[in-house]
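Geometric and topological summary
Now for the letters of each chain:
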Amino acid sequence: MTQEEVKSLFSSIGDVESCKLIRDKVTGQSLGYGFVNYHRPEDAEKAINTFNGLRLQNKTIKVSFARPSSDAIKGANLYVSGLSKSMTQQDLENLFNAYGQIITSRILCDNITGLSKGVGFIRFDQRSEAERAIQQLNGTTPKGASEPITVKFANNPSNNINKAIPPLAAYLTPTPNLRRFPPGPIHPLSGRFSRYSPLTGDLGSSVLSANAINGSGWCIFVYNLAPETEENVLWQLFGPFGAVQSVKVIKDLQTNKCKGFGFVTMTNYDEAVVAVQSLNGYTLGNRVLQVSFKTNNTKSKAN
């Protein structure tokens, strides 16, 4: 969406004083969020009631009052695993709402089947509320469930990335049950499999390390791309999962063909986890993608 489209949408509620869509300072690409100021407080409240949860194209938008940043509200996002596959998002909120005000909640679902993956996120208003929920719920078995759940802070990658993301090595050999993208503009890519291996090549042997954060965003390593792959393909692949800051396809300087891998930087950790889980093992053209968080060993390749 353009800034003008955002302003037009929210102007349908009332007089907008200002509207700002946040963009990457280098690429100018939208980061997927923005701010709208209304002249009247009641219009702001009406906009929240009207647009929060609205489905726009392939995204469900979140609309809420903006809050000044402070230590009290930072790090209030929880990662929850071991959930019953029958648990709904409302069930998840019911489990956690006794510990504070829930800002957002999400259960990760398989893109094809729509079934729960048994993993979810809860973001509280205050970090103290999140801490209280961890103390009370981590290791407990919810009513109607047979297994205990794990509740941790979502913004600490060492706590949960290796548990949340299947090992990259699991996708180094073909499997018969790989999910496929529906036919579309990104599907017809073809070409022979590259001989480059992320586990044995010049990127080192610690691709699965949990050290994934890259300064202003979360950098994701995408391997086994076809030689014809252009950067717009990665935008199309990762865009539906959240705000993408940048993409980079690594090309051979002589042939200008993709060398089989690239990098995607996403703004939001939760969305990056969903993207990795959803795209790792997907078939693009006739190639099985291997998707994981980038490590320190790959930083020089991304720049």
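With an unreviewed UniProt entry as reference, the protein is termed RRM domain-containing protein, source organism Anopheles albimanus. As recorded by UniProt, the Sequence similarities (unreviewed entry) comment attached to the protein reads in full: "Belongs to the RRM elav family."

**So, the pairing of strand S11 (residues 244–251)**
Regular strands have side chains that alternate between both faces of the sheet. Pairing geometry for S11 and strand S12 (residues 258–266), over six bridges, is antiparallel. Along S12, the bridge assignment pairs valine 247 with valine 264. Hairpin connection between S11 and S12: a loop of six residues separates the two successive antiparallel strands, and asparagine 256 in this loop has a positive phi of roughly 60°.

**Examining the sheet that holds strand S5 (residues 77–81)**
Strand order in the open sheet made by the four strands is S6-S7-S5-S8, with antiparallel pairing throughout. Since the sheet does not close on itself, it has two edges, and those belong to strand S6 (102–109) and strand S8 (150–153), each with one partner. Averaged over all adjacent pairs, the angle separating strand axes in this sheet is 20°, with direction ignored. Packing of helix H4 (residues 127–137) onto the sheet brings it into contact with S5, strand S7 (116–124) and S8, and relative to S8 it is tilted by some 155°.

**Quick notes on unusual backbone geometry**
Here the phi dihedral of asparagine 224 falls at roughly 80°; this positive angle occurs in a residue that is not glycine. Among the secondary structure elements, asparagine 224 is positioned in the loop between strand S10 (217–223) and helix H6 (231–238).

Parameters at a glance
- Residues numbered from 1 in each chain as written.
- Predicted model: local features only at pLDDT ≥ 70, side-chain atom pairs only at ≥ 80, totals over all residues.
- Heavy atoms only, no water.
- UniProt positions renumbered as here; feature names shortened; annotations may be inferred.
- Pairing = 2+ DSSP bridges.
- Helix = DSSP H or I, 4+ residues; strand = E, 2+ residues; numbered from the N terminus.
- Axes fitted to C-alpha atoms, helices over the stretch in contact; angles between N-to-C directions.
- Contact = heavy atoms within 4.5 Å.

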